[in-house]
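What follows is each chain in one-letter form.
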Amino acid sequence: MAELVYRPVVGLAQTLFKVWDLKIDLKGSENIPRSGGAVLVSNHISYLDFIFDGLAALPQKRLVRFMAKESVFRHKISGPLMRGMKHIPVDRKQGETAYQHALESLRSGEIVGVFPEATISQSFTLKSFKSGAARMAQEAGVPLIPMALWGTQRLWTKGHPKNFKRSHTPITIRVGEPLEAPQDQYAGAITRRVRERVQELLEAAQRAYPVRPKGPDDTWWMPAHLGGTAPTAEEVKAAEAR
């Protein structure tokens, strides 16, 4: 099937990566199947994460259909692009429609990208995972592919201005081995196992990251437990409750 929108957008993104001189360190892309359906499960720390998650699938010549909030599809610029790339709109008031759409895509052999934290983590640590990804994998009979990103928050994240002028920014991407989702297992148990694996990959990406904060004013993108000044998960919850 011709991809009249997706492939040109991929080409544009790759050109921008070169212009920004991003230092992308990708390992594990061979774990993404060359054919057949799969659920790609990633952490979420930036507005640009879907771009880099999709990048991880390109060496296997795969395109990822991401589940994204419905408002993005109503935007005059992003809407036509999202529809043209066959991404999946999610209306939280009618979540079952998006779920069935994702199942159809998986059963037709597509890779569906999911951020099971649902929103960007402002602490840059893993939030709790919703079980939808595991349930979709079970019902469609496809594997879950865990992955983790690090460094994307330095480009554009929630609560901070975007900085596309930042040059030489390293982006670290780690993709793990497929995890099966047996139908006779509790979806919550599968979700916990996937989250544990994403956590391991995130820690590996953080260890491999070649840059550390340059000074007191550059610690915002590091989580508190690693010595940064990003708010803790508890502080984020308290701020949201106010």
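Residues numbered from 1 in each chain as written. Predicted model: local features only at pLDDT ≥ 70, side-chain atom pairs only at ≥ 80, totals over all residues. Heavy atoms only, no water.

Engineer: Go over the overall build of the chain with me, naming the residues and quoting the values.
Structural biologist: Each helix and strand counted, the chain has eight helices and seven strands in total. The C-alpha radius of gyration computed for the chain amounts to 17 Å, which stays within 12% of the reference 18 Å derived for 242 residues, consistent with globular compactness. Along the first, second and third principal axes, the C-alpha set of the chain runs to 50 × 40 × 35 Å. Counting over 242 residues, the chain shows a buried share of 48%. Counting contacts in the chain only where the partners sit at least 6 residues apart, residues at least 24 apart contribute 74% of the total. Accessible surface for the chain amounts to roughly 12400 Å². Of this, 54% is attributable to carbon and sulfur atoms. Computed over 34 positive and 24 negative side-chain charges, the separation of the two mean positions in the chain equals 6 Å. (Helix = DSSP H or I, 4+ residues; strand = E, 2+ residues; numbered from the N terminus. Rg over C-alpha atoms; globule rule 2.2 N^0.38 Å. Buried < 20%, exposed > 50% of the residue type's maximum accessible area, 1.4 Å probe, protein only. Contact = heavy atoms within 4.5 Å. Areas by Shrake-Rupley, 256 points an atom, 1.4 Å probe, with all protein chains shown as cover. Lys, Arg positive; Asp, Glu negative; His and termini not counted. Charge placed at Lys NZ, Arg CZ, Asp CG, Glu CD.)

Engineer: I'd like a description of the sheet that holds strand 2 (residues 38–42), backed by residues and values.
Structural biologist: Ordered in space as 1-7-6-2-5-3-4, the seven strands form an open sheet in which the pairing is mixed. In this open sheet, the two edge strands, each paired with only one partner strand, are strand 1 (23–27) and strand 4 (88–90). Shown here is a sheet whose adjacent strand axes are inclined to one another by a mean of 20°, direction ignored. Each of strand 1, strand 2, strand 6 (144–150) and strand 7 (170–175) is contacted by helix 7 (residues 187–208), which is oriented at about 35° to strand 6, the strand it contacts most. (Pairing = 2+ DSSP bridges. Axes fitted to C-alpha atoms, helices over the stretch in contact; angles between N-to-C directions.)

Engineer: Quick rundown of unusual backbone geometry? Include the residues and the values.
Structural biologist: For Asp21, which is not a glycine, the phi torsion comes out positive at approximately 55°. Mapped onto the elements of the fold, Asp21 is located in the loop between helix 1 (6–20) and strand 1. Asp21 sits in the partly exposed class, given a relative accessible area of 25%. Of note in this structure, Ala118 is not a glycine but carries a positive phi near 75°. Along the chain, the position of Ala118 falls in the loop between strand 5 (111–114) and helix 6 (132–140).

Engineer: Lay out the pairing of strand 6 with the relevant residues and their values.
Structural biologist: Buried residues dominate strand 6, accounting for seven of its seven residues. Taken together, the four bridges between strand 2 and strand 6 define a ladder with parallel strand orientation. Considered in strand 6, the bridge of Leu40 is made with Ile145.

Engineer: Requested: an account of the pairing of strand 5, with residues and values cited.
Structural biologist: With burial as the criterion, each face of strand 5 is covered, one bearing Ile111 and Gly113 and the other bearing Val112 and Val114. Bridge count for strand 2 against strand 5 is four bridges, and the pairing is parallel. Residue pairing for strand 5: Val41 is matched across the bridge by Val114. Summarising the sheet, strand 3 (residues 64–69) and strand 5 pair through three bridges and their orientation is parallel.

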